Amino acid sequence: MIRKQKLDLQVYAYRGERDIPALVGLFAAAAEVDGPDLGRTEGQIRQMLSSPRTKPEENLFFFAVEGEVAAYGRTFLEDGPGESVFRLTGVVHPDWRRKGVGTLVIERLEQRIRERLDEPANETVQVMVGTNLEHKDRLALFRKTGYQMVRYFFNMERPLHQEGQPVEVPAAVYPADIIVHSMAERPDLPAARYVCDEAFRDHWGHTESTMEDWQHWVSEPAHRADLWLLARDAGSG
């Protein structure tokens, strides 16, 4: 009988600025295998670490072998109208996949969640993970560690170019009593937050946002206020 060698992993929490290069390198290595959509620039990583929900020194962990980072994982809490959700996310370096590292990442994050069970605002607490269907290694890991598929989401797209030429997009037509403007023209985060929370209040898995969340999102390097549209009743001022 062949026995797997026990992984000698060093596990430690985020230690500040000195750990950012390791995260940059980990995301870069993963993006080469998983695709650029799942890559992260240094600016995006810093933005993630500054999220009010993350608190990286408490909830983000590195997993290293002989000083080389093999993976990272983090968890953050969101409270909804009737239930609270701990979300898990992380990355395993391609060289260390299917060797048991991912299982250890999830076990450590679940341990951290158990330490935080006095924090959720609701009695019903869920733990959620997610991935793209083409990432078979992640799907296998989640099933192995006891997670079940409960929901699918679809990304829809339309081409803006065809054979190198722009595709004409019909101009939007709004009702006469509706005025539409961008967030760049008339910033109104409180209104945007209110509308989104009201619209998705009965949506599956919805959790409440805060103004702190919104302020963090709009401070992202890639944020385009000119692409955020708000529609108002003409009589509302």
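Our subject is the structure that appears above.
Residues numbered from 1 in each chain as written. Predicted model: local features only at pLDDT ≥ 70, side-chain atom pairs only at ≥ 80, totals over all residues. Heavy atoms only, no water.

Concerning the packing of helix 4 (residues 101-115) against helix 5 (residues 136-144)
The angle between the axes and the distance between the axes are what describe a pair of packed helices. Relative orientation of the contacting elements helix 4 and helix 5 amounts to 50°, with a least axis distance of 10 Å. Judged by the inter-axis angle, helix 4 sits oblique to helix 5. Like other packed secondary-structure pairs, helix 4 and helix 5 cross with a definite hand, here right-handed. In this structure, helix 4 contributes Gly 102, Thr 103 and Ile 106 to the contact, and helix 5 contributes Leu 141, Phe 142 and Lys 144. Along the lines of polarity and charge, the residues of the contact of helix 4 with helix 5 split into three nonpolar, two polar and one charged. (Axes fitted to C-alpha atoms, helices over the stretch in contact; angles between N-to-C directions. Helix = DSSP H or I, 4+ residues; strand = E, 2+ residues; numbered from the N terminus. Parallel < 35°, antiparallel > 145°, perpendicular 65-115°, else oblique. Left-handed = near helix turned anticlockwise from the far one by under 90°. Contact = heavy atoms within 4.5 Å. Nonpolar A, V, L, I, M, F, W, Y, C, P; charged D, E, K, R; others polar.)

Describing helix 7 (residues 211-218)
Among the residues making up helix 7, those that are buried are Asp 213, Trp 214 and His 216. The buried residues of helix 7 occupy an angular sector of 160° when projected down its axis, which confines them to one face. Contacts made by the buried residues of helix 7 are with helix 2 (42-49) and helix 6 (189-199). (Buried < 20%, exposed > 50% of the residue type's maximum accessible area, 1.4 Å probe, protein only. Arc of directions from axis to C-beta.)

Here we look at the nonpolar core
Judged by nonpolar contacts, the single largest core of 18 residues is most densely connected at Phe 63, Ala 71, Leu 88, Val 101, Val 105 and Ile 106. Mapped onto this core, the elements with two or more residues apiece are strand 2 (60-65), strand 3 (68-79), strand 4 (84-92), helix 4 and helix 5. When residues of this core are assigned to their parent elements, the largest contribution, five residues, is made by helix 4. Leave out the neighbours within four places in its chain, and Phe 63 touches Leu 9, Gln 10, Val 11, Glu 68, Val 69, Ala 70, Ala 71, Tyr 72, Gly 73, Leu 104, Val 105 and Arg 108. Residues Tyr 12, Ala 30, Met 48 and Leu 60 belong to the second largest nonpolar core, which totals 16 residues. (Core = buried A, V, L, I, M, F, W, Y, C linked by side-chain atoms within 4.5 Å.)

Examining the packing of helix 6 against helix 7
The geometry of helix 6 relative to helix 7 is characterised by a closest axis approach of 10 Å and an angle of 115° between their N-to-C directions. By the angle between their directions, the pair helix 6 and helix 7 is classed as roughly perpendicular. Our pair here, helix 6 against helix 7, has a crossing hand that is right-handed. Contact residues: Leu 189, Pro 190, Ala 192, Arg 193 and Cys 196 in helix 6; Met 211, Trp 214, Gln 215 and Val 218 in helix 7. Its residues placed into classes, the contact of helix 6 with helix 7 shows seven nonpolar, one polar and one charged.

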